[in-house]
Amino acid sequence: MDGGIAGLHLGLRAAPEPVALAAGRALGTLCRDALRVRRGVVDSQLAASFPAATPRWVRGTARACYRHFGREAALLMGGPSRIERALSRVVDESGLGPRLRTAVAERDGAVVVSGHLGNWELGAAAVRALGVRVTTVVQRQRGAFGRRLCELRARLELEVLDRDAAARPALDALRSGRILALVADQHTRLGSAPIDFLGRPAWTSLAPARLCLAADVPLFFAALVRDPSGYRIVHEEIDGRRSGAGADPVEVTKGWVRVLEREIEQRPEQYFWFHRRWKRVAQHGEGA
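In this text, all values refer to a predicted model and were calculated from it rather than measured experimentally. (Residues numbered from 1 in each chain as written. Predicted model: local features only at pLDDT ≥ 70, side-chain atom pairs only at ≥ 80, totals over all residues. Heavy atoms only, no water.)

(A) Structural context of a positive patch on the surface. Together, R25, R56, R59, R63 and R67 make up a positively charged patch on the protein surface. Here the element with the most residues in the positive patch is helix α4 (residues 55-76); it accounts for four residues. Tracing the sequence through the fold places R59 in helix α4. (Patch = residues over 30% accessible without salt bridge, like charges linked within 9 Å, V, L, I, M, F, W, Y side chains within 5 Å. Areas by Shrake-Rupley, 256 points an atom, 1.4 Å probe, with all protein chains shown as cover. Salt bridge = Lys/Arg side-chain N within 4 Å of Asp/Glu carboxyl O. Lys, Arg positive; Asp, Glu negative; His and termini not counted. Charge placed at Lys NZ, Arg CZ, Asp CG, Glu CD. Helix = DSSP H or I, 4+ residues; strand = E, 2+ residues; numbered from the N terminus.)

(B) Representation of the side chain of E72. Within the secondary structure layout, E72 lies in helix α4. Judged by relative accessible area, which is 3%, E72 ranks as buried. Side chain to side chain, E72 and R71 meet in a polar contact 3.1 Å long. Those residues in contact with E72 that sit more than four places away from it in its chain are G118, N119, R226 and Y231. (Buried < 20%, exposed > 50% of the residue type's maximum accessible area, 1.4 Å probe, protein only. Polar contact = N/O pair within 3.5 Å; in protein donor to acceptor, adjacent residues only side chain to side chain. Contact = heavy atoms within 4.5 Å.)

(C) Here's a closer look at the confidence of the model for the chain. In the predicted model, the chain carries a mean pLDDT of 89, and the fraction of residues at 70 or more is 90%. By mean pLDDT, helix α1 (residues 2-14) is the weakest element of the chain at 68, and helix α3 (residues 39-49) is the strongest at 98. (pLDDT = per-residue confidence, 0-100.)

(D) Geometry of the sheet that holds strand β2 (residues 134-138). Here we have six strands laid out as an open sheet, ordered β3-β2-β4-β1-β7-β8, and mixed in their pairing. A single partner strand is all that each edge strand has here, and the edge strands are β3 (159-162) and β8 (230-238). Going from strand to strand, the sheet's axes swing by 25 degrees on average, the running direction of each strand aside. Where β2 lies against β3, four bridges are found, and the strand directions are parallel. Looking at the pairing, T136 lines up with V160 of β3. Sheet contacts for helix α9 (residues 167-174): β1 (110-114), β2, β3 and β4 (179-183); angle to β3, the most-contacted strand, approximately 150 degrees. (Pairing = 2+ DSSP bridges. Axes fitted to C-alpha atoms, helices over the stretch in contact; angles between N-to-C directions.)

(E) Highlighting the packing of α3 against α4. At a minimum axis distance of 10 Å, the contact between α3 and α4 shows a crossing angle of 125 degrees. The orientation of α3 with respect to α4, classified from their angle, is oblique. Along this stretch, α3 crosses α4, giving a crossing that reads as right-handed. In contact with R39, V42, D43, L46 and A47 of α3, α4 contributes W57, V58, T61, A62 and Y66. Of the residues assigned to the contact of α3 with α4, the class counts are seven nonpolar, one polar and two charged. (Parallel < 35°, antiparallel > 145°, perpendicular 65-115°, else oblique. Left-handed = near helix turned anticlockwise from the far one by under 90°. Nonpolar A, V, L, I, M, F, W, Y, C, P; charged D, E, K, R; others polar.)

(F) Broad picture of α3. Listing the buried residues of α3 in full gives R39, V41, V42, D43, Q45, L46 and S49. Its buried side turned inward, α3 meets α2 (17-33), α4 and β6 (200-205).

(G) Looking closely at helix α6 (residues 96-107). The end-to-end C-alpha distance of α6, which contains twelve residues, comes to 16 Å, matching closely the 16 Å that a straight helix rising 1.5 Å per residue would cover. Lining the buried residues of α6 we find β1, α7 (120-128), β4, β7 (219-227) and β8. Of the residues flanking the end of α6, it is D108, one or two places downstream, whose phi is positive at about 80 degrees. (Expected span 1.5 Å × (residues − 1).)

This is how it looks when you write it as structure tokens:
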């Protein structure tokens, strides 16, 4: 398996960029149509999240999802120069950069939370390119692809913390003038609460909210999404105290989840439906 990933990496890196990205999209189609990789999971979660959608829409969106992530994987495996070119073309028309620099100057830091939307692996690097220092919290990946991601993060000059042991170092980073970046929309029971997400309760980490409240810094939702012309940053500030939620991490978490929902509804083919996001809350003794 590792040898196959290494060979794929070398082939995509050697190919011209348009060829490599087209190959990535084709590989995504192969994974759905021939290999049927998590096809049932993707289709069922899409259908449940968009109950008014027709079966034809679900199938078409699912196919576009496989192609999207095939393309994004091909870009990540395409070598440093290709990634740096992509980052150089990122558009920050919503002005996240100035707001983060202000947060560092006035509050010493900020938390940026994202979901598995667009290209989250490049998202932290896109934030760093806005002129701020970034510490990112990640779940370590094993195998050849995990090693490639570690090499990529080092190349992009990201300070990386392991998700399972990050609380104290994360607070230290926030108090030293850094931006803390987390992707926090996958199922977890550790430090989580059931939050409604696309119409159904899903266990969601409270860590981003707790960290911003503990460090007294603002919280932003942000994502790096694909447009026909390239990548674009979308963002919104989520500050529970300003919105009247007090210091309740559950209410703050609901705030950024609502923004993630809105962005998914605009571009559902760019969300990572492959992860089993909704596991029955009732089986853990809470909710239905």
